[in-house]
Amino acid sequence: MRLYRLILALVLPMLLIRLGLRVAAGKEAAGTLAERLGFGAATVPGAVWLHAASNGELVSARPLIEEMLARASDLRLLITVNTVTARALAEGWMREPALTGRLAVRMAPLDSRGCLGRFFSRHAPSALIVIENEIWPNRLAMAGERAIPVLIAGGRMSARSARRWRKIGLGRVLAPAIDAVSAQDAASAAGFRGFGVPEARMLPAVNLKTAGAPAAATWSPGWERALTVLAASTHEGEDEIVLDAFRVAREQVPGLRLILAPRHPRRAPAIARLIAARGLSVAIRSAGDDSATADVLLADTMGEMANWYRAASVCFVGGTLVDKGGHTPFEPVACGAAVVHGPFTENHRAPFGALDAAGAAVAVRDAATLGPALAMGGAEAARLAARATEALGPMTGLAAIGGLAAAFLGIIAAKTGKIRAG
């Protein structure tokens, strides 16, 4: 921990400068910076602190949030996030009649002891629920120092990550602060055991991203779905491959269109240049461009992935052609899109493995193999999507959420006496 805190002390000034520049550029309000520093308006003491990094994690946590609130009438939740778009999403939830008065939202405090000390003093949370893999050393350690139960839902940890945590010596320090883990899948559960979480603190695995119904579309490019393909959550190094493959696919299917949704929208200007260099016309979603005649829709907005999944017959899942571990295949499958992926699927090994074993996805290596996959056609895509729905069926559903909510509430009640678990 000493080395981590030393490194953090060296990095923190640069991070603060970067955040200050965001405020100066109008990308973030001064109030959100204050919240990141542990300031901001205090909330009702004793609320359960639930942290989700961004939109995707927050949306996946919604069924758990609703189930916990339904089971404990006195429960209040303090939601923290890392992005302003996720903060706006949570604020929208606060206006819903069923959730009014039961939620508060703040930007997550930086992982420094000063920022966290102010946060704990202002809000006095009774417990901390971490969604997926947001393991911050000072946050967990300081919760443990205050006897605040730490619960992890949909936890994601690879064997490689567990080894890294052990190697730097933080696993054995932080594991005792974790009261319960419900991992995303069996591989992640093994990772948390390797991290140092004892078997007695492991709950049944629940993949939060499979528990809720997919969101309805709120906007469409107006293209025929059978002639629309999606590259979802692409990373640097993948966009060139996708665009080259798309050009190959258009030689077989002249009317084919592409929605390219980068994982990080800030890369949109560079991607737009890549598109133009290949002689393709582009409509940029954030600019409100008319997509009617465009070859490519550059989907550089946040919170609209359901629109793109529902608009496409074929979905290439990003982060799988570069070593990022891959993003979830559940969402495109739930929206009826055929799944195409590269070799890097470590983050979601079980569902990708199930899809591949059932012949319900197409595995590719490069532009040469991706091109034909994008040109598979609407009928073949529909057959593949149907097989994918069947293959992932055993991994989906809301039933496990009730058990997880009950377990979390029971642990909080037993350790703090502040929540009446129903």
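Nothing here was measured: the structure is a model prediction, and the numbers come from that model. (Residues numbered from 1 in each chain as written. Predicted model: local features only at pLDDT ≥ 70, side-chain atom pairs only at ≥ 80, totals over all residues. Heavy atoms only, no water.)

(A) Quick peek at the sheet that holds strand S6 (residues 178–183). Strand order in the open sheet made by the 7 strands is S3-S2-S1-S4-S5-S6-S7, with parallel pairing throughout. The open sheet has two edge strands with one neighbour each: strand S3 (103–107) and strand S7 (202–203). Judged from the 4 bridges that link them, strand S4 (residues 127–131) and strand S5 (residues 150–155) form a sheet pairing that is parallel. Residue pairing across strands places leucine 128 opposite valine 150, the latter belonging to S5. Packing against the sheet, helix H4 (residues 84–94) makes contact with strand S2 (77–81) and S3, and its axis sits at approximately 165° to S3. (Pairing = 2+ DSSP bridges. Helix = DSSP H or I, 4+ residues; strand = E, 2+ residues; numbered from the N terminus. Contact = heavy atoms within 4.5 Å. Axes fitted to C-alpha atoms, helices over the stretch in contact; angles between N-to-C directions.)

(B) How the structure looks around the packing of helix H1 (residues 2–24) against helix H6 (residues 137–145). Across the interface, H1 lies against H6 with an axial gap of 11 Å and an inter-helix angle of 125°. On the basis of the axis angle, H1 is oblique to H6. Judged by the twist between their axes, the crossing of H1 over H6 is left-handed. Taking contact as the criterion, the partners of Tyr4, Arg5 and Leu8 in H1 are, on H6, Pro137, Asn138, Ala141 and Glu145. Tallied by class, residues from the contact of H1 with H6 come to 4 nonpolar, 1 polar and 2 charged. (Parallel < 35°, antiparallel > 145°, perpendicular 65-115°, else oblique. Left-handed = near helix turned anticlockwise from the far one by under 90°. Nonpolar A, V, L, I, M, F, W, Y, C, P; charged D, E, K, R; others polar.)

(C) View of the environment of glutamate 238. Residue placement: glutamate 238 occurs in the loop between strand S8 (228–234) and helix H10 (239–252). The buried category is assigned to glutamate 238, whose relative accessible area is 0%. Remark: the alpha-carbon pair of glutamate 238 and threonine 320, spanning 82 residues in sequence, is separated by 8.7 Å. Residue contacts for glutamate 238: discarding those within four places in its chain leaves Ser233, Phe316, Gly318, Gly319, Thr320, Leu321 and Val322. Here histidine 235 takes part through its backbone nitrogen, which lies 2.9 Å from a polar atom of the side chain of glutamate 238. (Buried < 20%, exposed > 50% of the residue type's maximum accessible area, 1.4 Å probe, protein only. Polar contact = N/O pair within 3.5 Å; in protein donor to acceptor, adjacent residues only side chain to side chain.)

(D) Structural detail: the side chain of serine 233. Position of serine 233 among the secondary structure elements: in strand S8. Judged by relative accessible area, serine 233 falls into the buried class, the value being 9%. Here serine 233 is in contact with Glu238, Ala261, Pro262, Arg263, Gly318, Gly319 and His327, once residues within four sequence places are set aside.

(E) Summary view of unusual backbone geometry. Here alanine 124, not a glycine, exhibits a phi torsion of approximately 45°, which is positive. Within the secondary structure, alanine 124 is located in the loop between helix H5 (113–123) and S4. You will see that serine 233, though not glycine, has its phi angle at about 60°, which is positive.

(F) Expanded view of the pattern of salt bridges. Tallying each qualifying case throughout the model produces 22 salt bridges. The partner of arginine 113 in a salt bridge is glutamate 145, with the nearest N and O atoms 3.3 Å apart. In this pair, arginine 113 is assigned in helix H5 and glutamate 145 in helix H6, connecting sequence segments 32 residues apart. Through salt bridges with shared partners, one network takes in Arg160, Asp323, Glu346 and Arg349. (Salt bridge = Lys/Arg side-chain N within 4 Å of Asp/Glu carboxyl O.)

(G) A look at the side chain of threonine 328. Here threonine 328 lies in the loop between strand S12 (314–317) and helix H13 (330–334). When its relative accessible area of 5% is taken as the criterion, threonine 328 is described as buried. Within polar-contact distance, the side chain of threonine 328 engages the backbone nitrogen of phenylalanine 330 at 3.0 Å.

(H) Layout of helix H11 (residues 268–277). Ala268, Ile271, Ala272 and Ile275 are the residues of H11 that are buried. All buried residues of H11 project into a common sector of 105° when viewed along the axis, lining one side. Of the exposed residues in H11, the ones pointing more than 90 degrees away from its buried face are Arg273 and Ala277. Considering only its buried residues, H11 is in contact with H10, strand S9 (257–262), strand S10 (282–284) and strand S11 (296–298). Directly after H11, the chain includes glycine 279, whose backbone phi takes a positive value near 75°. (Arc of directions from axis to C-beta.)

(I) Representation of the packing of aromatic side chains within the structure. Tallying each qualifying case throughout the model produces 5 aromatic pairs. A ring pair is formed by tryptophan 49 and phenylalanine 119, whose centres lie 4.4 Å apart and whose planes are at 45°; its orientation type is tilted. Separated by 70 residues along the polypeptide, tryptophan 49 in strand S1 (residues 48–51) and phenylalanine 119 in helix H5 bring together distant segments of the chain. A relative accessible area of 0% means that tryptophan 49 is categorised as buried. By relative accessible area, which is 1% here, phenylalanine 119 ends up buried. An aromatic cluster is present here, built from Trp49, Phe119 and Phe120 joined pairwise through their rings. Lying over the aromatic face of tryptophan 93, arginine 62 brings its terminal NZ or CZ to 4.8 Å of the ring centre. (Phe/Tyr/Trp six-rings, centres within 6.5 Å; stacked < 30°, edge-to-face > 60°. Lys NZ or Arg CZ within 6 Å of the ring centre and 35° of its normal.)

(J) Highlighting the sheet that holds S9. Ordered by their spatial adjacency, 7 strands build an open sheet running S10-S11-S9-S8-S12-S13-S14, and the pairing between neighbours is parallel. Strand pairing shows two members of the sheet lacking a second neighbour, S10 and strand S14 (361–363), which therefore form its edges. Looking at each pair of strands side by side, their axes are set apart by 20° on average, direction ignored. The strands touched by H10 within the sheet are S8, S9, S11 and S12, with S9 carrying the most contacts at an inclination of about 175°. Packed onto the sheet, helix H15 (residues 367–374) meets S8, S12, strand S13 (338–341) and S14 and runs at close to 155° relative to S12.

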